[in-house]
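Read off the chains here:
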Amino acid sequence: MTSDGGHIRARGSSYLNSTLCLDGVEILSDVIFLLEDLAKGSITFDTESMISGKLGLFFFALPLKTKISCEVIVNTRNQTITHQSCYPEVGFYFS
């Protein structure tokens, strides 16, 4: 998914609507595990998000790339997130 960009203030947050599309071939090979997870009432998703942009610091715009890897556990009965662990990687790049 890509975004048209925008501006987020310091210590701010932003939401981005998205749709999860699952590859049927990949799911087919793991259908037994998926059914077991559904029976237990929770499914674990591993996600990875990559964001690039510019970090405004005084009069400078520092180019920034970040990658956030998350493990999200979803309760299938009430469709809520029961646990999430995220690990960020941040790096500056200069072209």
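Preceding block: the structure.
Every chain begins its residue count from 1, and numbering advances along the sequence as written. Per-residue local features of the predicted model are confined to residues with pLDDT of at least 70, and side-chain atom pairs are confined, for both listing and counting, to 80 or more; whole-chain, interface and lining totals are unaffected and use all residues. Computation of side-chain values: all heavy atoms of the structure, hydrogens and water removed.

*Asks:* Can you tell me about the overall build of the chain, naming the residues and giving the values?
*Replies:* If you tally the helices and strands in the chain, you get 2 helices and 3 strands. A helix here means a DSSP run of H or I that spans at least four residues, while a strand means a run of E at least two residues long, and both kinds are numbered starting from the N terminus. For the chain, the succession of helices and strands along the chain, N to C, is α-α-β-β-β. Only protein chains enter the accessibility calculation, which uses a 1.4 Å probe; a residue is then buried when its area is under 20% of its type maximum, exposed when over 50%, and partly exposed in between. When the 95 residues of the chain are sorted by exposure, 8% land in the buried category. Should any heavy atoms of two residues lie within 4.5 Å, those residues are counted as being in contact. The long-range fraction of contacts in the chain, counting pairs at least 24 apart against all pairs at least 6 apart in sequence, stands at 42%. Areas reported as accessible are Shrake-Rupley estimates using a 1.4 Å probe. Residue values count occlusion only from the protein chains shown. Here the chain displays about 8800 Å² of accessible surface, and carbon together with sulfur accounts for 57% of that area.

*Asks:* Give me the state of the cysteines: which residues, what numbers.
*Replies:* Any covalent bond linking the sulfur atoms of two cysteines counts as a disulfide. Any two cysteine sulfur atoms within 2.5 Å of one another count as a disulfide. The tally for this structure, following the rule as stated, stands at 1 disulfide. Linked covalently through their sulfurs, Cys70 and Cys86 form a disulfide whose S-S length is 2.1 Å. Residues Cys70 and Cys86 are joined by a disulfide whose S-S torsion is about 110 degrees; by sign, that bridge is right-handed. Here Cys70 is found in strand S2 (residues 60-75), whereas its partner Cys86 is found in strand S3 (residues 80-92), with 16 residues between them in sequence. With a relative accessible area of 15%, Cys70 lands in the buried category. Its relative accessible area of 35% is what places Cys86 among the partly exposed residues.

*Asks:* Could you give an account of the pattern of salt bridges, with specific residues and numbers?
*Replies:* A pair is scored as a salt bridge if a Lys or Arg side-chain nitrogen falls within 4 Å of a carboxyl oxygen belonging to Asp or Glu. Counted according to the given criterion, the structure contains 1 salt bridge. One salt bridge connects Glu48 with Lys67, and the closest N-O pair in it is separated by 4.0 Å. Pair noted here: Glu48 is in strand S1 (residues 42-57) and Lys67 is in strand S2, with a separation of 19 residues, a long-range link. Judged by its relative accessible area of 52%, Glu48 falls in the exposed class.

*Asks:* Can you explain the side chain of Thr66? Please cite residues and give values.
*Replies:* Along the polypeptide, Thr66 turns up in strand S2. The class for Thr66 is buried, based on a relative accessible area of 15%. Throughout this description, a polar contact denotes any pair of N or O atoms lying within 3.5 Å of each other; where both atoms belong to protein, one of them has to be capable of donating a hydrogen while the other can accept it, and for residues adjacent in sequence the pair is counted only when both atoms sit in side chains. Separated by 3.0 Å, the side chain of Thr66 and the backbone oxygen of Glu89 make a polar contact.

*Asks:* Which residues make up the environment of Asn75, and what values do they have?
*Replies:* Mapped onto the elements of the fold, Asn75 is located in strand S2. A relative accessible area of 19% means that Asn75 is categorised as buried. In the structure, Asn75 is positioned 34 residues away from Gly41 in sequence and 5.8 Å away in space, judged by C-alpha atoms. When neighbours within four sequence positions are excluded, Asn75 is seen to be in contact with Gly41, Ser42, Thr80 and Thr82. Polar contacts involving the side chain of Asn75 include one to the main-chain amide nitrogen of Asn78, which spans 3.3 Å.

These results come straight from atomic positions and should not be treated as a statement about function.
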